[in-house]
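Working through the structure, step by step
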Amino acid sequence: MEEIERIQQAVKDRQYKRPDRTVCIGQIAEQFIAKQVKPRHRKYGDVVEVWEQILPEELCTHCEITDISNGRLTVKVDSPSYKYELHLCSSEILRELQKQCPVARLTKIRFINT
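About the cut-offs
- Residues numbered from 1 in each chain as written.
- Predicted model: local features only at pLDDT ≥ 70, side-chain atom pairs only at ≥ 80, totals over all residues.
- Heavy atoms only, no water.
- Helix = DSSP H or I, 4+ residues; strand = E, 2+ residues; numbered from the N terminus.
- Contact = heavy atoms within 4.5 Å.
- Areas by Shrake-Rupley, 256 points an atom, 1.4 Å probe, with all protein chains shown as cover.
- Core = buried A, V, L, I, M, F, W, Y, C linked by side-chain atoms within 4.5 Å.
- Buried < 20%, exposed > 50% of the residue type's maximum accessible area, 1.4 Å probe, protein only.
- Axes fitted to C-alpha atoms, helices over the stretch in contact; angles between N-to-C directions.
- Parallel < 35°, antiparallel > 145°, perpendicular 65-115°, else oblique.
- Nonpolar A, V, L, I, M, F, W, Y, C, P; charged D, E, K, R; others polar.
- Pairing = 2+ DSSP bridges.
- Patch = residues over 30% accessible without salt bridge, like charges linked within 9 Å, V, L, I, M, F, W, Y side chains within 5 Å.
- Salt bridge = Lys/Arg side-chain N within 4 Å of Asp/Glu carboxyl O.

1. Quick notes on the overall build of the protein
The secondary structure content of the protein amounts to 5 helices and 3 strands. The helix and strand sequence of the protein, counted from the amino end, reads α-α-α-β-β-α-α-β. Residue pairs in contact within the protein that sit at least 24 positions apart in sequence constitute 58% of those at least 6 positions apart. If you sum the accessible surface of the protein, you get close to 9200 Å²; carbon and sulfur atoms cover 51% of it.

2. A few points about the nonpolar core
Core analysis: the biggest nonpolar cluster contains 22 residues, and Val47, Trp51, Leu73, Val75, Leu86, Leu97 and Ile109 have the highest contact counts within it. Every element with two or more residues in this core is listed here: helix 2 (25-54), strand 1 (63-69), strand 2 (72-77), helix 4 (80-88), helix 5 (90-100) and strand 3 (108-113). Of all the elements, helix 2 adds the most residues to this core, at 4 residues. In this view, leucine 86 contacts Trp51, Leu55, Leu59, Cys63, Val77, Ile93 and Phe111; residues no more than four positions away in its chain are not counted.

3. Some remarks on the packing of helix 4 against helix 5
At a closest axis distance of 4 Å, the pairing of helix 4 and helix 5 adopts a crossing angle of 60°. Between helix 4 and helix 5, the angle is such that the two are oblique. Within the contact between the two elements, helix 4 uses Leu86, His87 and Leu88 and helix 5 uses Ser90, Glu92 and Ile93. Split into classes, the residues belonging to the contact of helix 4 with helix 5 amount to 3 nonpolar, 2 polar and 1 charged.

4. Brief notes about the pairing of strand 1
When strand 1 meets strand 2, the two strands line up antiparallel, connected through 6 bridges. Note that in strand 2 the partner of glutamate 64 across the bridge is lysine 76. Between strand 1 and strand 2, which pair antiparallel and follow one another directly, the connecting turn spans 2 residues, one of which, asparagine 70, has a positive phi of 50°.

5. Brief notes about a nonpolar patch on the surface
Taken together, the side chains of Val23, Ile25 and Ile28 define a hydrophobic patch exposed on the protein surface, amounting to about 300 Å² of accessible area. For isoleucine 25, the location among the structural elements is in helix 2. Here isoleucine 25 falls in the exposed class, since its relative accessible area comes to 64%.

6. Some points on the sheet that holds strand 1
If you walk across this open sheet you meet the 3 strands as 1-2-3, and the pairing is mixed. Each of the sheet's edge strands pairs with one partner strand only, and the pair in question is strand 1 and strand 3. Mean inter-strand twist for the sheet, computed between neighbouring axes without regard to direction, equals 25°. The pairing of strand 2 with strand 3 spans 6 bridges and is parallel. Bridge pairing in strand 3 places threonine 74 opposite arginine 110. Across the sheet, helix 4 is in contact with strand 1, strand 2 and strand 3; its angle to strand 3 comes to roughly 170°.

This is the structure we're talking about:
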(Lines give C-alpha, C1' and ligand atoms only; values in the text may rest on other atoms or scores of the structure.)
Protein backbone atom coordinates (compact mmCIF):
# COMPACT_ATOMS: atom_id res chain seq x y z
CA MET A 1 0.00 0.00 0.00
CA GLU A 2 2.85 2.34 0.79
CA GLU A 3 4.30 1.79 -2.67
CA ILE A 4 1.02 2.81 -4.33
CA GLU A 5 0.74 5.93 -2.17
CA ARG A 6 4.35 6.84 -2.96
CA ILE A 7 3.71 6.48 -6.73
CA GLN A 8 0.50 8.49 -6.52
CA GLN A 9 2.32 11.23 -4.62
CA ALA A 10 5.15 11.23 -7.18
CA VAL A 11 2.65 11.56 -10.04
CA LYS A 12 0.79 14.29 -8.19
CA ASP A 13 4.02 16.23 -7.61
CA ARG A 14 4.95 16.05 -11.29
CA GLN A 15 1.59 17.24 -12.58
CA TYR A 16 1.79 20.63 -14.21
CA LYS A 17 -0.08 23.21 -12.26
CA ARG A 18 -1.54 25.79 -14.58
CA PRO A 19 -1.58 29.37 -13.43
CA ASP A 20 -5.00 30.82 -12.80
CA ARG A 21 -5.84 32.88 -15.89
CA THR A 22 -9.51 33.39 -15.32
CA VAL A 23 -10.71 36.82 -16.32
CA CYS A 24 -14.10 38.38 -15.93
CA ILE A 25 -15.90 38.71 -19.28
CA GLY A 26 -16.79 42.26 -18.29
CA GLN A 27 -13.11 43.18 -18.14
CA ILE A 28 -12.49 41.74 -21.59
CA ALA A 29 -15.47 43.61 -23.04
CA GLU A 30 -14.38 46.83 -21.37
CA GLN A 31 -10.85 46.52 -22.79
CA PHE A 32 -12.21 45.76 -26.27
CA ILE A 33 -14.51 48.76 -26.19
CA ALA A 34 -11.74 51.06 -24.94
CA LYS A 35 -9.21 49.90 -27.54
CA GLN A 36 -11.37 49.20 -30.59
CA VAL A 37 -14.83 50.73 -30.43
CA LYS A 38 -14.33 54.13 -28.79
CA PRO A 39 -11.58 55.38 -31.12
CA ARG A 40 -13.56 54.26 -34.17
CA HIS A 41 -16.76 55.81 -32.82
CA ARG A 42 -14.99 59.11 -32.16
CA LYS A 43 -13.76 59.16 -35.74
CA TYR A 44 -16.88 57.94 -37.53
CA GLY A 45 -19.78 58.74 -35.21
CA ASP A 46 -20.30 62.11 -36.89
CA VAL A 47 -20.67 60.42 -40.29
CA VAL A 48 -23.75 58.54 -39.13
CA GLU A 49 -25.27 61.68 -37.62
CA VAL A 50 -24.66 63.75 -40.75
CA TRP A 51 -25.94 60.90 -42.95
CA GLU A 52 -29.22 60.91 -41.04
CA GLN A 53 -29.48 64.71 -41.28
CA ILE A 54 -28.85 65.09 -45.01
CA LEU A 55 -30.95 62.16 -46.21
CA PRO A 56 -34.72 62.41 -46.34
CA GLU A 57 -36.41 60.26 -43.69
CA GLU A 58 -37.96 58.06 -46.38
CA LEU A 59 -34.51 57.07 -47.64
CA CYS A 60 -33.04 56.70 -44.15
CA THR A 61 -35.55 54.04 -43.24
CA HIS A 62 -34.42 51.88 -46.18
CA CYS A 63 -30.67 52.05 -45.71
CA GLU A 64 -28.04 51.54 -43.03
CA ILE A 65 -24.34 52.35 -42.82
CA THR A 66 -22.58 49.03 -42.32
CA ASP A 67 -18.90 49.91 -42.65
CA ILE A 68 -16.46 52.77 -42.95
CA SER A 69 -12.95 51.75 -43.92
CA ASN A 70 -10.18 52.96 -46.18
CA GLY A 71 -12.18 56.05 -47.07
CA ARG A 72 -15.12 54.01 -48.30
CA LEU A 73 -18.57 54.24 -46.77
CA THR A 74 -20.58 51.04 -47.25
CA VAL A 75 -24.34 51.37 -47.08
CA LYS A 76 -26.78 48.45 -47.05
CA VAL A 77 -30.02 49.20 -48.91
CA ASP A 78 -33.16 47.06 -48.67
CA SER A 79 -34.53 47.71 -52.16
CA PRO A 80 -33.03 48.08 -55.63
CA SER A 81 -35.18 51.14 -56.31
CA TYR A 82 -33.84 52.93 -53.21
CA LYS A 83 -30.34 51.80 -54.09
CA TYR A 84 -30.72 53.39 -57.52
CA GLU A 85 -32.09 56.60 -56.01
CA LEU A 86 -29.17 56.80 -53.57
CA HIS A 87 -26.72 56.10 -56.37
CA LEU A 88 -28.12 59.02 -58.38
CA CYS A 89 -27.43 61.48 -55.56
CA SER A 90 -24.29 59.80 -54.20
CA SER A 91 -21.88 62.49 -55.41
CA GLU A 92 -23.85 65.20 -53.59
CA ILE A 93 -24.09 63.06 -50.45
CA LEU A 94 -20.35 62.34 -50.57
CA ARG A 95 -19.48 66.03 -50.99
CA GLU A 96 -21.63 66.97 -47.99
CA LEU A 97 -20.14 64.20 -45.86
CA GLN A 98 -16.62 65.27 -46.84
CA LYS A 99 -17.47 68.86 -45.97
CA GLN A 100 -19.05 68.11 -42.58
CA CYS A 101 -16.83 65.14 -41.58
CA PRO A 102 -13.32 65.81 -42.88
CA VAL A 103 -11.74 63.54 -40.24
CA ALA A 104 -13.38 60.47 -41.83
CA ARG A 105 -11.57 61.16 -45.17
CA LEU A 106 -14.32 59.60 -47.24
CA THR A 107 -13.60 59.11 -50.94
CA LYS A 108 -16.36 56.77 -52.05
CA ILE A 109 -19.82 55.47 -51.16
CA ARG A 110 -20.67 51.88 -51.94
CA PHE A 111 -24.29 50.69 -51.89
CA ILE A 112 -25.06 47.01 -51.40
CA ASN A 113 -28.30 45.03 -51.38
CA THR A 114 -29.52 43.27 -48.27
